[in-house]
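The primary structure of each chain is shown beneath.
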Amino acid sequence: MNSAWNQQVRSDCEELLARFQQTDSVRFEIFCKTWREMKFGHIFFGTAGREKRAFSRLALDAAAIYFLPPFSFQIRTGGLYLLYSLYQCQRTSPPIRIRLALKDWEDVVTFQKEALGAQHLDAVFVLHQLLFHKAFHLTAMPTLLTFKGSKETTGPQQPRNFVAGACGPQELIDRDALEELSDVHRVYGELKLSVYSQAQLESLGVDLHRKNLPALVRGYVVAFHSWQQKMRQVVLPPRFCRGPKVAKLSPVLCQEESAEDRGAGGSSETTSSQAEVCLAVEFQKSSAAVIHQVQSVRSSH
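Note that the structure is a prediction, hence the values are computed from the model and not measured. (Residues numbered from 1 in each chain as written. Predicted model: local features only at pLDDT ≥ 70, side-chain atom pairs only at ≥ 80, totals over all residues. Heavy atoms only, no water.)

Topic: the side chain of threonine 92
Here threonine 92 lies in the loop between helix 4 (73–89) and strand 1 (98–101). When its relative accessible area of 9% is taken as the criterion, threonine 92 is described as buried. Only 2.8 Å separates the side chain of threonine 92 from the side chain of glutamine 90, close enough to count as a polar contact. Not counting residues up to four positions away in its chain, the partners in contact with threonine 92 are Lys52, Arg53 and Ser56. (Helix = DSSP H or I, 4+ residues; strand = E, 2+ residues; numbered from the N terminus. Buried < 20%, exposed > 50% of the residue type's maximum accessible area, 1.4 Å probe, protein only. Polar contact = N/O pair within 3.5 Å; in protein donor to acceptor, adjacent residues only side chain to side chain. Contact = heavy atoms within 4.5 Å.)

Structural data, given as structure tokens:
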């Protein structure tokens, strides 16, 4: 199959997923309705002989792209439904299996956990059906390698409305990062305090470094996490929000956030609202301070 066929199949898949995206749903029933409206099952008609297996491979490879990151949860769900439908509708016997690289298997497991956590049971069921029928062919590389074969220099462009946006700083700040930041901040503070004695510091009345920087960074990340969840619930209905993905916040941070909320009582909402107002400026300042401290300590060593 030449590249022209590949482009046409990708174009049809993107059209189907774009219509599915407009429904603001991740239900398999809605996807089937869009599938029938486009008569997408006819995509395998017109192939005969050896072309059937080659075209089935091409269609499955084109659809498998949309089941993996960096696409949004809804597009990935639509890509899963598309893979399942193409796998069931292909006219080859035995059926062509879905090629999946080993490096992408972790993304599949993460997707299953997200769908199960958000109670999207139809997506979990469809994935289990593919696993039950052994539809995935785990390989070392995502594409088939050929000796002295032509290599594409540029891959297909991804529609911007399909790609999921960045989830925020909570993906960068976890327990290990906070521990490392605390250690670096402690060493940095000791180096700063070694310049003056305690009596000189009291007489000068100045602070050489921010004492609670790790806790301050953690507070800003937790506040941003809460604000982001609220904004996603405003933009999309709750059942379509990518809650498990946003909840990539460290469990330690979540536990500390819950403990603070229980201890603060009614004042937690006020504190969170105030932190959300100045979050952008303060987090940028804190990030710059952290980078500066790390560079200073590394240069001193």
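Focus on the packing of helix 3 (residues 50–64) against helix 4
Between helix 3 and helix 4, the shortest axis-to-axis distance is 9 Å and the interhelical angle comes to 165°. The pairing of helix 3 with helix 4 is recorded here as roughly antiparallel in orientation. Seen from above, helix 3 lies across helix 4 with left-handed handedness. On helix 4, the residues touching Ala59, Leu60, Ala63 and Ala64 of helix 3 are Gly79, Leu82, Leu83, Leu86 and Tyr87. (Axes fitted to C-alpha atoms, helices over the stretch in contact; angles between N-to-C directions. Parallel < 35°, antiparallel > 145°, perpendicular 65-115°, else oblique. Left-handed = near helix turned anticlockwise from the far one by under 90°.)

Description of the pattern of salt bridges
In total, this model carries five salt bridges according to the counting rule given. Residue arginine 19 pairs with glutamate 15 through a salt bridge whose shortest N-O separation is 3.0 Å. With arginine 19 and glutamate 15 both in helix 1 (residues 3–22) and four residues apart, this pair spans about one turn of that helix. Between aspartate 104 and lysine 103 there is a salt bridge, with the nearest N and O atoms lying 3.1 Å from each other. By relative accessible area, lysine 103 is classed as exposed at 58%. (Salt bridge = Lys/Arg side-chain N within 4 Å of Asp/Glu carboxyl O.)

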